Amino acid sequence: MGQFDQQKDQMVAGKGFIAALDQSGGSTPKALGLYGVTEDMYDGEVAMFDEIHAMRSRIILSPAFTKDKVIGAILFDRTMRGEIEGKPVAQLLWEDRGVVPFLKIDKGLEDQANGVQMLKPIPGLADMLSDAKGFGIFGTKERSVIHEANAEGIAAVVAQQFDLGKEVCDAGLVPIIEPEVNIHSESKTEAEAILKSEIAAQLDTLADGQNVMLKLTIPNEDGLYDSLADHPRVLRVVALSGGYSTEEACDRLTRQPKMIASFSRALTEGLAKQQSDDEFNAALGGNIEKIFQASL
């Protein structure tokens, strides 16, 4: 069995969750600040990205970060092009940790209109997907946001996501389609019902071999997305924490029988550059265990 098929099997049946290690330039200072690295501790963008790469490397190399509980990891483009211990990151993830690598490909969000934020154009997409395939990336992730139950806006977001997803499939990768619903939306429940309907309709347009994953906000109605998880074109449905506290996100996730976690902030909560390796590994291991249990 080839590497892609092994990774696909792990995505379909693996027990565990997907780690989101894909903070981009805009969110990196905040992520570093939570890690105990303030903006006065580095000078310029290159130094900032060096710091976040060191943090990600420390996470990936931790004894707790293996396929036993972490079945996949989403990388930022710059991380994909970097190395850990002299090895390309995606290669090290799969060969040394047994973790399936994904790449965040979106370039941010348009301004809000019709109650949603669409994806910005992605220049050089074909080259990026080709590079990702060359680095051994299994799939991609692309995020838009739904702020209110506007049927026209939600339909546009989902259509854009699936159009992009089909391009990703054609490049030989598996897209994680991520239309996030804002957890603070006053019409979250209604928006989620519309979203489910639009995703179901788009899934039925996929051809054999066009497989996708879905990354969705944990719904207000328990089990809402179970039927999407059962669709033959869907490998897995994963949950984003979306600003819920780790405790609340894990509690909500335990009530979703067919969703697993793909958390970012919850994974790194309580980690600090100043910790000893033992302290760091214990804190990370505790976070991983908590998210793993919620994903079972």
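You'll find the structure just up there.
First, a word on what this report is: a plain description of the structure on this page.

## Observations regarding the packing of helix α7 (residues 151–170) against helix α8 (residues 188–203)
Two elements in contact, α7 and α8, have axes separated by 9 Å at closest approach and are oriented at 40°. At the point where α7 passes α8, the crossing takes the right-handed sense. Taking contact as the criterion, the partners of A151, I154, A155, V158, A159 and F162 in α7 are, on α8, A191, I194, L195, E198, I199, Q202 and L203. Looking at the contact of α7 with α8, its residues break down into 11 nonpolar, one polar and one charged.

## What to know about the layout of surface pockets
Considered as a void within the structure, the largest pocket measures approximately 860 Å³ in volume. Around the largest pocket sit 28 residues that line it, and Q23, S27, R143, S264 and R265 are the ones nearest its centre. Elements with a contribution of two residues or more to the lining of the largest pocket: α2 (28–34), β7 (139–146), β8 (174–181) and α11 (265–268). The greatest single-element share of the lining of the largest pocket, amounting to three residues, is contributed by α2. Of the residues contributing to the lining of the largest pocket, the split by class is seven nonpolar, 11 polar and 10 charged.

## Here's the deal with helix α5 (residues 89–97)
Residues of α5 that are buried include every one of V89, A90, L92, L93, W94 and R97, and no others. Immediately downstream of α5, the backbone of G98 shows phi near 70°, a positive value.

## A closer look at the environment of A200
Mapped onto the secondary structure, A200 falls in helix α8. Separated by 162 residues in the primary sequence, A200 and T38 place their C-alpha atoms 44 Å from one another.

## Describing α8
Given a rise of 1.5 Å per residue, 16 residues ought to cover 22 Å, and the 22 Å separating the end C-alpha atoms of α8 matches this to within 8%. Residues K188, A191, E192, L195, I199, Q202 and L203 constitute the buried set of α8. The buried residues of α8 occupy one face: seen down the axis, they fall within an arc of 95°. Where α8 is buried, its residues meet β7, α7, β8, β9 (212–217), α9 (226–229) and β10 (234–240).

## Here's the deal with the side chain of E51
Along the polypeptide, E51 turns up in helix α3 (residues 45–61). A distance of 3.2 Å separates polar atoms of two side chains, one belonging to E51 and the other to K273. In contact with E51, other than residues within four places in its own chain, are L32, V37, M41, Y42 and K273.

## As for the pairing of strand β2 (residues 70–75)
Regular strands show a simple pattern: their side chains alternate between the two faces of the sheet. Extensive coverage of β2 is indicated by the burial of six of its six residues. Relative to β2, strand β1 (residues 17–21) runs parallel, the two sharing five bridges. Across the sheet, residue F17 finds its bridge partner in β2, namely V70. Pairing analysis gives four bridges linking β2 to strand β5 (residues 100–104), with the strands arranged parallel. Counterpart to A73 in the pairing with β5 is P101.

What counts, and at which threshold
- Residues numbered from 1 in each chain as written.
- Predicted model: local features only at pLDDT ≥ 70, side-chain atom pairs only at ≥ 80, totals over all residues.
- Heavy atoms only, no water.
- Axes fitted to C-alpha atoms, helices over the stretch in contact; angles between N-to-C directions.
- Helix = DSSP H or I, 4+ residues; strand = E, 2+ residues; numbered from the N terminus.
- Left-handed = near helix turned anticlockwise from the far one by under 90°.
- Contact = heavy atoms within 4.5 Å.
- Nonpolar A, V, L, I, M, F, W, Y, C, P; charged D, E, K, R; others polar.
- 1 Å grid on protein atoms, 1.4 Å probe; cavity = no way out; pocket = protein on both sides within 12 Å on 5 of 7 lines; lining within 4 Å.
- Points joined across faces, edges and corners; volume = space filled by probe spheres on them.
- Buried < 20%, exposed > 50% of the residue type's maximum accessible area, 1.4 Å probe, protein only.
- Expected span 1.5 Å × (residues − 1).
- Arc of directions from axis to C-beta.
- Polar contact = N/O pair within 3.5 Å; in protein donor to acceptor, adjacent residues only side chain to side chain.
- Pairing = 2+ DSSP bridges.

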